[in-house]
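Chains, contacts and geometry: an overview
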Amino acid sequence: MDDTIEELGIGTYTNLASATYEMPLIDALALFLENRISALPVIDAEGRVLDIYAKFDVINLAAEKTYSDLDVTIFNALQHRIGKQDKVHTCLKTDSLRHIIETIVKAEVHRLVVVDEDKHLQGVVSLSDIFHYLILKPVEDEDKLGK
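Note that this is a predicted model, so its numbers are computed, not measured.

Conventions used here
- Residues numbered from 1 in each chain as written.
- Predicted model: local features only at pLDDT ≥ 70, side-chain atom pairs only at ≥ 80, totals over all residues.
- Heavy atoms only, no water.
- Patch = residues over 30% accessible without salt bridge, like charges linked within 9 Å, V, L, I, M, F, W, Y side chains within 5 Å.
- Areas by Shrake-Rupley, 256 points an atom, 1.4 Å probe, with all protein chains shown as cover.
- Salt bridge = Lys/Arg side-chain N within 4 Å of Asp/Glu carboxyl O.
- Helix = DSSP H or I, 4+ residues; strand = E, 2+ residues; numbered from the N terminus.
- Buried < 20%, exposed > 50% of the residue type's maximum accessible area, 1.4 Å probe, protein only.
- Core = buried A, V, L, I, M, F, W, Y, C linked by side-chain atoms within 4.5 Å.
- Contact = heavy atoms within 4.5 Å.
- Pairing = 2+ DSSP bridges.
- Arc of directions from axis to C-beta.

Looking now at a nonpolar patch on the surface. Judged by side-chain polarity, Met1, Phe131, Leu134, Ile135 and Leu136 come together as a nonpolar surface patch covering roughly 480 Å² of accessible area. Considering the arrangement of structural elements, one finds Phe131 in helix 6 (residues 127–146). For Phe131, a relative accessible area of 46% translates into the label partly exposed.

Let us now look at the nonpolar core. Counting 15 residues, the largest nonpolar core has Met23, Leu25, Leu40, Tyr53, Ile74 and Ala77 as its most contacted members. With 4 residues, the single largest contributor to this core is helix 2 (residues 25–35). When neighbours within four sequence positions are excluded, Met23 is seen to be in contact with Ser18, Ala28, Leu31, Val72, Thr73 and Ile74. Grouped together as the second largest cluster of nonpolar side chains are 13 residues, Leu97, Ile100, Ala107 and Leu112 included.

Strand 1 (residues 39–43) sits mainly inside the fold: 5 of its 5 residues count as buried. Taken together, the 5 bridges between strand 1 and strand 2 (residues 49–54) define a ladder with antiparallel strand orientation. Across the sheet, Val42 pairs through a bridge with Asp51, a residue of strand 2. Taken together, strand 1 and the strand that follows it, strand 2, pair antiparallel across an intervening segment of 5 residues, in which Gly47 is found at a positive phi of about 85°.

Before going further, it helps to examine helix 2. Within helix 2, the full set of buried residues consists of Leu25, Ala28, Leu31 and Phe32. Across the axial projection of helix 2, the buried residues extend over an arc of 115°, all falling on one side. Relative to its buried face, helix 2 has exposed residues pointing more than 90 degrees away, namely Leu33 and Glu34. Just downstream of helix 2, Arg36 is the residue with a positive phi angle, here 50°.

Structure below.
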């Protein structure tokens, strides 16, 4: 639990989908479907993480019946956000698994965006990644040894 997520190989660090504040909502929805993901880090022109747009935000738009204009920008769509999902939560590759789990629990989120010291997008670590490492990977490793 004290090893880093980088050392443990937890998270996604390649083929990352992301959005900008200027991206039309319809393009973000297409990225969700094409990449089978549930959130998009929102980055600036230099690749620094500014925010996150998640499927949860889409549900809020639907609940408010404000989804009729799918050409609205991510920035404008995020103005309808309510509740605790109002901030992107980040971590470093060098953070321990213990620290990552504590952060996810305290923040009540499903994922952390992995950044470098300058807030550039590096990856995403999700609850699914952690569950896979803690529960499924030991079973997979055991199956490999038993064969």
